[in-house]
Amino acid sequence: MSDHFTSSFDSLETELSFADVDPGEGQRWSTWPAITPSERGPQPWPAWVVTSAGALDTERGILKTGKEADVFLLERAVPDDPSQRTLLAAKRYRSAEHRSFHRSSVYTEGRSTRNTRDTRALARKSDHGREVAAAQWSFAEFEALCRMWELGAPVPYPVQVNGTELLMEFLGDADGTAAPRLAQVRSDRAELQEYYVQVVDLMRIFAAAGFAHGDLSAYNLLVHEGRVRVIDLPQIVDIIANPQGLDLLHRDCVNICDWFTRHRVECDAEELFAEMLAASYA
């Protein structure tokens, strides 16, 4: 029996074994089996990623509300199998009429849509166009996370994207307590100095790949197990293709240095900007 046939049989057996289980309130079947390979995160998949067709997704509450999306805590688990359980952050983008994020055109310059039908729908601002616009942000963030993960940047692992919903690694404790934002951390000067070094390192990875975060601040940097992790990447900017790319990179540098300077860590925004420019042209 071939490995492929065995794998398919095992998958079918798993599905059949859970066929008599009905999702309860706040639950759904895992969306992993229904999406295409291009909508799944980079391989090799981390060991904690649950790929079973017999898994259920259970809503565990809201983690964060934002201008263009809300982030929910989601548990993906196979019933009665503790070894196949993980917590995920589910970021769900709102359609344009329910979003209060008004600077999107600044970030989308230099981007292209996936097909001509979508381009026409966006131009007409039809119902389909509004759906496309919302999904553009989730796919943009998913693709940015995939790219940065593969480059070794400290981003949450992108598990999958499905329409306007992006599922990614949950940064926090097993009980569902989210990692604090850098702005919330109470640290001494030495710790903050180390965090600054980590932020510069991650900014350098972005810049070397030709990108700026575009909206970097102490509010979208998390501190998880002593390591700074960067989140909120839908507006990632190509420094060259976007006419305002360098301005946004400069603003990232100013925002970061302003915050660290207020917390008694010496840094200079113009020096940081020069360092990022050098990295981007290396």
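Our subject is the structure listed above.
Let me begin by describing the structure that accompanies this report.

What counts as what
Residues numbered from 1 in each chain as written. Predicted model: local features only at pLDDT ≥ 70, side-chain atom pairs only at ≥ 80, totals over all residues. Heavy atoms only, no water. Pairing = 2+ DSSP bridges. Helix = DSSP H or I, 4+ residues; strand = E, 2+ residues; numbered from the N terminus. Axes fitted to C-alpha atoms, helices over the stretch in contact; angles between N-to-C directions. Parallel < 35°, antiparallel > 145°, perpendicular 65-115°, else oblique. Left-handed = near helix turned anticlockwise from the far one by under 90°. Contact = heavy atoms within 4.5 Å. Nonpolar A, V, L, I, M, F, W, Y, C, P; charged D, E, K, R; others polar. Core = buried A, V, L, I, M, F, W, Y, C linked by side-chain atoms within 4.5 Å. Buried < 20%, exposed > 50% of the residue type's maximum accessible area, 1.4 Å probe, protein only.

## Side note on the sheet that holds strand β4 (residues 85–93)
Paired through backbone hydrogen bonds, the strands of a sheet run either parallel or antiparallel to each other. As summarised here, the arrangement of the 6 strands in space is β1-β2-β3-β4-β6-β5, forming an open sheet in which the pairing is antiparallel. The open sheet is flanked by β1 (27–29) and β5 (158–162), the only strands paired with a single partner. Direction aside, neighbouring strands of the sheet carry axes that sit 30° apart on average. When strand β2 (residues 56–65) meets strand β3 (residues 69–77), the two strands line up antiparallel, connected through 7 bridges. Bridge pairing in β3 places lysine 64 opposite valine 71.

## As for the packing of helix α6 (residues 245–262) against helix α7 (residues 269–280)
Two quantities define a packed helix pair, namely the angle between the axes and the distance from one axis to the other. Put simply, α6 and α7 touch, their axes get as near as 9 Å, and they point 135° apart. One element, α6, and the other, α7, form an angle in the oblique class. With respect to the hand of their crossing, α6 and α7 are arranged in right-handed fashion. Two secondary-structure elements touch here, α6 through Leu246, Leu249, His250, Cys253, Val254 and Cys257 and α7 through Ala269, Glu270, Leu272, Phe273, Met276 and Leu277. Of the residues assigned to the contact of α6 with α7, the class counts are 10 nonpolar, 1 polar and 1 charged.

## Let's talk about the nonpolar core
In this structure, Met148, Met203, Leu221 and Phe260 are the most contacted members of the largest nonpolar core, which totals 50 residues. Those elements giving two or more residues to this core turn out to be α4 (127–150), β6 (165–169), α5 (189–208), β7 (211–212), β8 (221–224), β9 (227–230), α6 and α7. For this core, the element with the highest residue contribution is α5, accounting for 9 residues. Not counting chain neighbours up to four residues away, the residues in contact with phenylalanine 260 comprise Leu182, Leu192, Tyr195, Tyr196, Val199, Val265 and Cys267.

## Describing unusual backbone geometry
Each neighbour pair has its own omega, and for glutamine 43 with proline 44 the value is 0°, a cis peptide bond. For proline 44, the position within the fold is in the loop between β1 and β2. For glutamate 225, which is not a glycine, the phi torsion comes out positive at approximately 55°. Mapping glutamate 225 onto the fold places it in the loop between β8 and β9. Given a relative accessible area of 74%, glutamate 225 falls into the exposed group.

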